[in-house]
Amino acid sequence: MAVDLSSYSVGGFDRGASRIRELIWLLVSLILFRMCPVSLSPLKCAVLRAFGAQVGRRVTIKPQVKITFPWKLAIGDNVWLGEECWLLNLERIVIGNNVCISQRVFLCTGSHNYKLATFDLIVKPIIVEDGAWLGAGSWVGPGVRVGNHAVLAAGSVASADLSPFGIHRGNPAGFVRLRILTSTV
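Basis of the calculations
Residues numbered from 1 in each chain as written. Predicted model: local features only at pLDDT ≥ 70, side-chain atom pairs only at ≥ 80, totals over all residues. Heavy atoms only, no water. Helix = DSSP H or I, 4+ residues; strand = E, 2+ residues; numbered from the N terminus. Rg over C-alpha atoms; globule rule 2.2 N^0.38 Å. Buried < 20%, exposed > 50% of the residue type's maximum accessible area, 1.4 Å probe, protein only. Contact = heavy atoms within 4.5 Å. Areas by Shrake-Rupley, 256 points an atom, 1.4 Å probe, with all protein chains shown as cover. Arc of directions from axis to C-beta. Pairing = 2+ DSSP bridges. Expected span 1.5 Å × (residues − 1). Bend = angle between axes of the 7 residues up to and from the residue. Axes fitted to C-alpha atoms, helices over the stretch in contact; angles between N-to-C directions. Parallel < 35°, antiparallel > 145°, perpendicular 65-115°, else oblique. Nonpolar A, V, L, I, M, F, W, Y, C, P; charged D, E, K, R; others polar.

Colleague: What is the right way to look at the overall build of the chain in this model?
Modeller: Scanning the chain from terminus to terminus reveals two helices and 19 strands. Taken over the C-alpha trace, the chain has a radius of gyration of 17 Å; the compact-globule value for 185 residues is 16 Å, and the two agree within 12%. When its C-alpha atoms are laid out on the principal axes, the chain stretches across 60 × 40 × 25 Å. Buried residues in the chain amount to 41% of all 185 residues. Nonlocal contacts in the chain, meaning residues at least 24 apart in sequence, comprise 29% of its contacts between residues at least 6 apart. As displayed, the chain offers around 9700 Å² of accessible surface, 61% of which is attributable to carbon and sulfur atoms.

As structure tokens, then:
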């Protein structure tokens, strides 16, 4: 047997909104989120809310952030979304409070069933708990829970849950040591 992409199926995948709403979002996000060279965070947050996202207070959204479906997004208070990060939220992404998602981070809720010749779509939510930091250029895969105050080092790949207060690094990301927070250096 061989892969046959002509019989590919998205199964019961629910986009969560009408095609018209999705088209309007694509146009608005292209202009305001991807082409706009300045942050304009309050405006971006208001637009996300208008499209159904849950967005907390004091959220910073840098230029060129890409969000696939805002109606499948929840962001807590005091969150930073860095330049060029991509939230490919075919399924729900929940981001807690005081989370830093650095530049070029990719949160990917979708994949494919490589065991099937039809290569069917698989989607699973991502949860990033309070106080987590996702380093520049890191990747978080479908179904991953980033624990409370966990750190994913720059360029690392999280294909499994990250432990609370753990510092994780590599591909696949492995536990390195505990994150110890202090009030001074």
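Colleague: Explanation requested: helix α2 (residues 41-50) in the structure shown.
Modeller: Among all positions of α2, only Ser41, Lys44, Cys45, Val47 and Leu48 are buried. Across the axial projection of α2, the buried residues extend over an arc of 165°, all falling on one side. The outward face of α2, more than 90 degrees from its buried face, is lined by the exposed residues Pro42 and Ala50. Buried residues in α2 make contact with α1 (19-35), β1 (54-55), β2 (60-61) and β3 (66-67). Looking at the residues trailing α2, positive phi occurs at Gly52, about 100°.

Colleague: How should the sheet that holds strand β17 (residues 157-158) be read in this particular structure?
Modeller: Adjacent strands of a sheet pair through backbone hydrogen bonds, lying either parallel or antiparallel. The strand order across the open sheet built from five strands is β3-β6-β9-β14-β17, with neighbouring strands paired in parallel fashion. Since the sheet does not close on itself, it has two edges, and those belong to β3 and β17, each with one partner. Here two bridges tie strand β14 (residues 139-140) to β17, and the two strands are oriented parallel to one another. Pairing of Trp139 across the sheet is with Val157, part of β17.

Colleague: Which parts of the structure should I look at to understand α1?
Modeller: Each α-helix turn comprises 3.6 residues. Residues three or four places apart therefore point the same way. The end-to-end C-alpha distance of α1, which contains 17 residues, comes to 22 Å, matching closely the 24 Å that a straight helix rising 1.5 Å per residue would cover. Bending of α1 peaks at approximately 40° at the position of Ser29. Those residues of α1 not exposed but buried are Glu22, Trp25, Ser29, Leu32 and Phe33. In this structure, the buried residues of α1 make contact with α2, β2 and β3.

Colleague: Help me understand the pairing of strand β18 (residues 166-170) in this model?
Modeller: In summary, the side chains of a regular strand alternate between the two faces of the sheet. By the bridge criterion, two bridges tie strand β16 (residues 151-152) to β18 in an arrangement that is parallel. Bridge assignment links Leu152 to a residue of β18, and that residue is His168.

Colleague: I tried to follow the packing of α1 against α2 on my own but got confused; where do I start?
Modeller: Axis angle and axis distance: for two packed helices, these are the angle between their axes and the distance between the axes, and together they describe the pair. Running from N to C, α1 and α2 cross one another at 175°; their axes reach a closest spacing of 12 Å. As far as their axial angle goes, α2 and α1 are roughly antiparallel. In contact with Arg21, Trp25, Val28, Leu32 and Phe33 of α1, α2 contributes Leu43, Lys44, Val47, Leu48 and Ala50. For the contact of α1 with α2, the per-class residue count stands at eight nonpolar, no polar and two charged.

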